[in-house]
Amino acid sequence: MNGIDEMTTVLEPAPLPDFVETKYVKDITNRALSYIKAGFPVHFRGPSGTGKTTLAMHLASKIERPVVMIHGDEEFSTSDLVGGQQGYRFRKVIDRFVSRVLKVEEDMVKRWVDNRLTVACKYGFTLIYDEFTRSRPEANNILLSILQEKMMDLPVGRGGEEPYLRVDPDFTAIFTSNPEEYAGVHRSQDALRDRMITLDLDHFDYDTEVAITRAKSKLSKHDVEMIVNIVRGLRESGRCEFAPTVRGCIMIAKTLKTQNLTPPKANGAFMRMCQDILASETSRVGSKTNQERVKEIVTELVAKELGMGKTVDVPDPFREKSLTGPEKAEKGTAVIETADSKNVEEDRTQEAESESLAGVSG
Ligand SMILES: Nc1ncnc2c1ncn2[C@@H]1O[C@H](COP(=O)(O)OP(=O)(O)OP(=O)(O)O)[C@@H](O)[C@H]1O
Ligand SMILES: [Mg+2]
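Residues numbered from 1 in each chain as written. Chains lettered and ligands numbered in written order. Predicted model: local features only at pLDDT ≥ 70, side-chain atom pairs only at ≥ 80, totals over all residues. Heavy atoms only, no water.

(A) Local environment of the pattern of salt bridges. Scanning the entire structure with this criterion turns up 12 salt bridges. In this structure, the salt-bridge partner of Arg65 is Asp170, at a minimum N-O distance of 3.9 Å. With Arg65 in the loop between helix 2 (52–63) and strand 2 (67–71) and Asp170 in the loop between strand 9 (164–166) and strand 10 (172–177), this residue pair connects regions lying 105 residues apart in the sequence. For Asp170, a relative accessible area of 41% puts it in the partly exposed group. Here Arg134 makes a salt bridge to Glu131, at a shortest N to O gap of 2.4 Å. (Salt bridge = Lys/Arg side-chain N within 4 Å of Asp/Glu carboxyl O. Helix = DSSP H or I, 4+ residues; strand = E, 2+ residues; numbered from the N terminus. Buried < 20%, exposed > 50% of the residue type's maximum accessible area, 1.4 Å probe, protein only.)

Right under this line is the structure:
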């Protein structure tokens, strides 16, 4: 990367480890890619944990240009994006031919240093501006002309012949943001939003949530499905301050995995884990009422999942429907027809009851 200042980190467009590509993920990626190809910046907007940052990085890897990433920040000014005068410069030069020769250059002369946005515009890289509405709107003004006129106004201090930089035609921008009601988020400017194509994301569909949790934890499909059912049950209850996200599923699954446990084998520990993780994830200030309400719902959901036995064998529509219904307790026995398996089901229900008691008292 000759000529690019060493203060800027440029990432290689590489596939992400453990990335899961379900139908849902492919569909959004392809839609976004078609807008990018038509020359428009794409903006993923949605609640926390809906995969915006991951999708942005995935999309960038498909564009196959080097990637520059910026995280929105309240403290940002335009010069944090564009560049400014920096007073100290440190350079290590390793001689390629005589490998023991290491030259260190240092100087204190003030010089202009291009920041990430300038680097991306100049070299036609892909810019990921994650959570861009966390920066103050006036800091983002510089983007208006970049996105529309493909020109970047440069501050006088930078030097050079022209007061502006022509944006390289390969330059692409991907934005992400949380909805405006989130703490620490500014309203996005209408003019800026009007220059990008916004795709609104919601929580993952069932199959994607299971696939992601599996990929991250390496737990079995059956165990992961139990966890996902609990988290989705809590989410769909609509009674949390914040809906629990796939991160909750991942945290529970990974904690189990590192302890070499599965939900049925963990006894009361599984219940406590679900309560701790889900109560903390769904509350901003840790209010007692939210915690208690969440613990109550989780207790019920966990008991039902453990009592249910083989969730994996339940056909999709039944599982989806039964998740939200209050009569969920019966669903295990309703599905499994043979006398033998009924006995098994009853045993499991008992196990679940003692488990839930252990959870409450412990
Ligand atoms: N397609 C995917 N494959 C594998 N893991 C994924 C995928 N999408 C999301 N994840 C995982 O789900 C979690 C949440 O995703 P991500 O961080 O992208 O969400 P977000 O919408 O950016 O959330 P926030 O608004 O809180 O920043 C992360 O742990 C991420 O690794
Ligand atoms: Mg994010």
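(B) Highlighting the packing of aromatic side chains. Summed over all chains, the structure comprises six aromatic pairs. Relative to Phe175, the ring of Tyr129 has its centre 6.1 Å away and its plane inclined at 35°; by these criteria the two rings are tilted. With a gap of 46 residues between them, Tyr129 in strand 7 (residues 126–130) and Phe175 in strand 10 connect regions that are remote in the sequence. Accessibility expressed as a relative area gives 1% for Tyr129, which makes it buried. Aromatic side chains Phe132 and Phe175 sit 5.2 Å apart centroid to centroid with 70° between the ring planes, which places their arrangement in the edge-to-face category. (Phe/Tyr/Trp six-rings, centres within 6.5 Å; stacked < 30°, edge-to-face > 60°.)

(C) A look at the side chain of Ser61. Relative to the assigned elements, Ser61 resides in helix 2. On the accessibility criterion, Ser61 (13% relative accessible area) is buried. Beyond its immediate sequence surroundings of up to four residues, Ser61 is in contact with Pro13, Ala14 and Pro15. (Contact = heavy atoms within 4.5 Å.)

(D) How the structure looks around the packing of helix 8 (residues 206–217) against helix 9 (residues 221–237). The interhelical angle for the contact between helix 8 and helix 9, taken along N-to-C directions, is 125°, at an axis separation of 9 Å. Considering their axes alone, helix 8 and helix 9 lie oblique with respect to each other. The way helix 8 lies across helix 9 gives a crossing that is right-handed. For the pair formed by helix 8 and helix 9, the contact residues are Tyr206, Glu209, Val210, Thr213, Arg214 and Ser217 on the first element and Lys221, Val224, Glu225, Val228, Asn229, Val231, Arg232 and Arg235 on the second. Of the residues contributing to the contact of helix 8 with helix 9, the split by class is five nonpolar, three polar and six charged. (Axes fitted to C-alpha atoms, helices over the stretch in contact; angles between N-to-C directions. Parallel < 35°, antiparallel > 145°, perpendicular 65-115°, else oblique. Left-handed = near helix turned anticlockwise from the far one by under 90°. Nonpolar A, V, L, I, M, F, W, Y, C, P; charged D, E, K, R; others polar.)

(E) Structural view of the site of ligand 1. As a matter of local geometry, ligand 1 sits amid 18 residues, with Val20, Ser48, Lys52, Thr53 and Thr54 nearest to it. In this structure, an oxygen atom belonging to ligand 1 sits 2.9 Å away from a side-chain N or O atom of Arg247. Every element with two or more residues in the shell around ligand 1 is listed here: helix 2, helix 8 and helix 10 (246–258). A class-by-class count of the residues in the shell around ligand 1 yields six nonpolar, seven polar and five charged. (Near = heavy atom within 4 Å. Polar contact = N/O pair within 3.5 Å; in protein donor to acceptor, adjacent residues only side chain to side chain.)

(F) Spatial organisation of the sheet that holds strand 7. Pairing is parallel in the open sheet, where five strands are placed in the order 2-7-10-1-11. Two strands lie at the open edges of the sheet, namely strand 2 and strand 11 (197–200), each paired on one side alone. For this sheet, the mean inter-axis angle between neighbouring strands, taken without regard to orientation, is 20°. In terms of strand pairing, strand 2 meets strand 7 through five bridges, oriented parallel. Each bridged residue has a counterpart across the sheet, and for Val68 the counterpart in strand 7 is Leu127. (Pairing = 2+ DSSP bridges.)

(G) Highlighting a negative patch on the surface. Residues Asp73, Glu74, Glu75 and Asp80 make up a contiguous surface patch of negative charge. Structurally, Asp73 can be placed in the loop between strand 2 and helix 3 (78–82). A relative accessible area of 32% means that Asp73 is categorised as partly exposed. (Patch = residues over 30% accessible without salt bridge, like charges linked within 9 Å, V, L, I, M, F, W, Y side chains within 5 Å. Areas by Shrake-Rupley, 256 points an atom, 1.4 Å probe, with all protein chains shown as cover. Lys, Arg positive; Asp, Glu negative; His and termini not counted. Charge placed at Lys NZ, Arg CZ, Asp CG, Glu CD.)

(H) Main features of the nonpolar core. The biggest cluster of nonpolar side chains holds 30 residues, and the ones touching the most others in it are Ile252, Leu256, Phe270 and Leu278. Residue contacts for Leu256: discarding those within four places in its chain leaves Leu219, Ile227, Leu261, Thr262, Pro263, Ala266, Phe270 and Met273. Counting 27 residues, the second-largest nonpolar core is a separate cluster that includes Ala120, Phe125, Leu143 and Ala173. (Core = buried A, V, L, I, M, F, W, Y, C linked by side-chain atoms within 4.5 Å.)

(I) Fine view of helix 1 (residues 23–37). Between the first and last C-alpha of helix 1 there are 21 Å, a value that for 15 residues agrees with the 21 Å anticipated at 1.5 Å per step. Restricting attention to buried positions, one finds in helix 1 the residues Val25, Ile28, Thr29, Ala32, Leu33 and Ile36. On an axial view of helix 1, the arc spanned by its buried residues comes to 135°, and they lie on one face. Seen from the buried face of helix 1, the exposed residues on the opposite side, beyond 90 degrees, are Lys23 and Lys37. Considering only its buried residues, helix 1 is in contact with strand 1 (42–45), helix 2, strand 10, strand 11 and helix 8. Once helix 1 ends, the next one or two residues include Gly39, with phi positive near 95°. (Expected span 1.5 Å × (residues − 1). Arc of directions from axis to C-beta.)

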